There are 2 protein chains.
Amino acid sequence: MISFRTAGVDFARLATDLEHEILNDIPITRTMQLRIAQADGDRIALAAPLAPNVNDKGCAFGGSLASVLTLAGWALLVLRMRAAGQECEVYVQDSHLKYLAPVWGDFFAEAQLADGESWEAFFAALASRGKGRLRVVASVAGSDGAPATTLEARFVALRAKAA
Amino acid sequence: MISFRTAGVDFARLATDLEHEILNDIPITRTMQLRIAQADGDRIALAAPLAPNVNDKGCAFGGSLASVLTLAGWALLVLRMRAAGQECEVYVQDSHLKYLAPVWGDFFAEAQLADGESWEAFFAALASRGKGRLRVVASVAGSDGAPATTLEARFVALRAKAA
């Protein structure tokens, strides 16, 4: 776990807790050997080894890439909301994936907000309507460092109802 | 395995062979307990049980849905080409997924060509240029029978080089 604190929030601890929850609640992620490699309030990197995620051609299976990229976007939102003291249900609504080049080794999926998106507007919508939407971009780099698989996805967060 | 023969081609046998290859070559599909439930030359249905593919909310994990939908499209092309006596490498190039409603049970991903696509044009391109592209649509139905998750994806097939 590589991480650092931002504005008094211990993202390393939040990320460790979330990683445990993911691995506990989503059994397929245990087979994928998913882990949260890095996290702060604005970016997150999820990692997975090639071996359990390999396909028939010896490179990373597109389904594993899609899974890890989507989870990276989902985890980005969950962590940022927890850092702000908010517990919400977060759902992916749609996603667009581009498979640009094969991925021949262990991989990282790095996610951040898409251009034009703002945490401030998101939290304002969540406060006023109990619902907020955000677009996220994420990518897995190939061995040359260029994006090999990219995702753009839209997520919705619903604030848990007060008891 | 529910299947039937078309124009003398035994799709049940082709599908059984392909299912074995997928489960053997892509380890994550064994955890998903993927199987080919139905196949003819124009449609294919892949099936997976909920339990190994569940998420933190108790419904199907988006990554598993994306995986099974993408594999359904991929398998549709591979089977149809094998039925035509062609062995190619098939890759997904890009995909667009919509998560419309949660999937609360075991699920099927059904794939077919997108509107406007033609096997004839695809095979002609493969014959003349050694490369063909096809767009595929696939969906997983929810418990009410309406599409709960949909995929539109573009695949490319490359004919194996002659020795």
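See above for the structure.
To keep things clear, this report deals only with the structure shown in the data block. Each chain carries its own residue numbering, running from 1 in the written order of its sequence. Starting at A for chains and at 1 for ligands, labels are handed out in the order in which the entities are written. Given that the model is predicted, a residue must reach a pLDDT of at least 70 before its local features are reported, and side-chain atom pairs must reach 80 or more before they are shown or counted; all residues, however, enter totals for whole chains, interfaces and linings. Note that the side-chain values use all heavy atoms of the structure and ignore hydrogens as well as water.

This part is about the interface of chain B and chain A. By definition, residues are in contact when any of their heavy atoms lie within 4.5 Å. Listed per partner, the contact involves 31 residues of chain B and 31 residues of chain A. Take the accessible area each of two parts loses on contact, using a 1.4 Å probe, and add the two losses: that sum is the buried area. Of the roughly 2500 Å² buried at the junction of chain B and chain A (both faces included), carbon and sulfur atoms supply 65%. The term salt bridge refers to a pairing of a side-chain nitrogen on Lys or Arg with a carboxyl oxygen on Asp or Glu at a separation within 4 Å. Across the chain B-chain A interface, the total number found is 0 salt bridges. Each polar contact in these results corresponds to two N or O atoms within 3.5 Å; when the atoms are within protein, one needs to be able to donate a hydrogen and the other to accept it, and residues that are neighboring in sequence are counted only if both atoms are side-chain atoms. Viewed at the interface, chain A and chain B are joined by 9 residue pairs in polar contact (both at pLDDT 80 or more). Element by element, the count of residues in the side of chain B that touches chain A is highest for strand β4 (residues 88-99) of chain B, at 11 residues. Gly is put with the polar residues, along with every residue not named as nonpolar or charged; the nonpolar set is Ala, Val, Leu, Ile, Met, Phe, Trp, Tyr, Cys and Pro, and the charged set is Asp, Glu, Lys and Arg. Tallied by class, residues from the side of chain B that touches chain A come to 16 nonpolar, 9 polar and 6 charged. Bridge count for strand β4 (residues 88-99) of chain A against β4 of chain B is 5 bridges, and the pairing is antiparallel. Bridge pairing in β4 of chain B links Ser95 of chain A to Leu97 of chain B. Strands are runs of DSSP state E lasting at least two residues, helices are runs of H or I lasting at least four, and both sets are numbered from the N terminus onward. Here a strand pair is declared whenever DSSP counts at least two bridges between the two strands.

This part takes up the relation of the copies chain B and chain A. In screw terms, the move from chain B to chain A is a rotation of 180° and a rise of 0.0 Å along the axis, fitting with an RMSD of 0.0 Å. Here the symmetry operator amounts to a two-fold rotation axis. Closest to the rotation axis within chain B is the C-alpha of His96 of chain B, separated from it by 2.2 Å. Both copies share a contact surface, since 100% of the interface residues of chain B are interface residues in chain A too. Least squares is used to superpose the copies, and the fit set is the C-alpha atoms of residues whose pLDDT is at least 70 in both copies.

Let us look at helix α3 (residues 62-83) of chain A. All names here are of chain A. How far a helix is expected to stretch is found by multiplying one less than its residue total by 1.5 Å. With 22 residues, α3 extends 31 Å between its outermost C-alpha atoms, agreeing within 8% with the 32 Å of an ideal straight helix rising 1.5 Å per residue. Classification of residues uses two cut-offs on accessible area relative to the type maximum, computed with a 1.4 Å probe and protein chains only: under 20% is buried, over 50% is exposed, and between them is partly exposed. With 19 of 22 residues buried, α3 lies mostly within the body of the structure. Of the residues one or two after α3, Gly85 is the one with positive phi, at around 80°.

Residues and elements named next belong to chain A. Tallied over the full model, the rule gives 14 salt bridges over all chains. Of the charged contacts in the structure, one is a salt bridge between Glu21 and Arg82, with a shortest N-O distance of 2.9 Å. Residue Glu21 is found in helix α1 (residues 11-25), and its partner Arg82 is found in helix α3; the two are separated by 61 residues along the sequence. Residue Lys57 is joined to Asp56 by a salt bridge in which the shortest nitrogen-to-oxygen separation is 3.4 Å. Several salt bridges converge on common partners, so that one network encompasses Glu21, Arg82 and Glu87.

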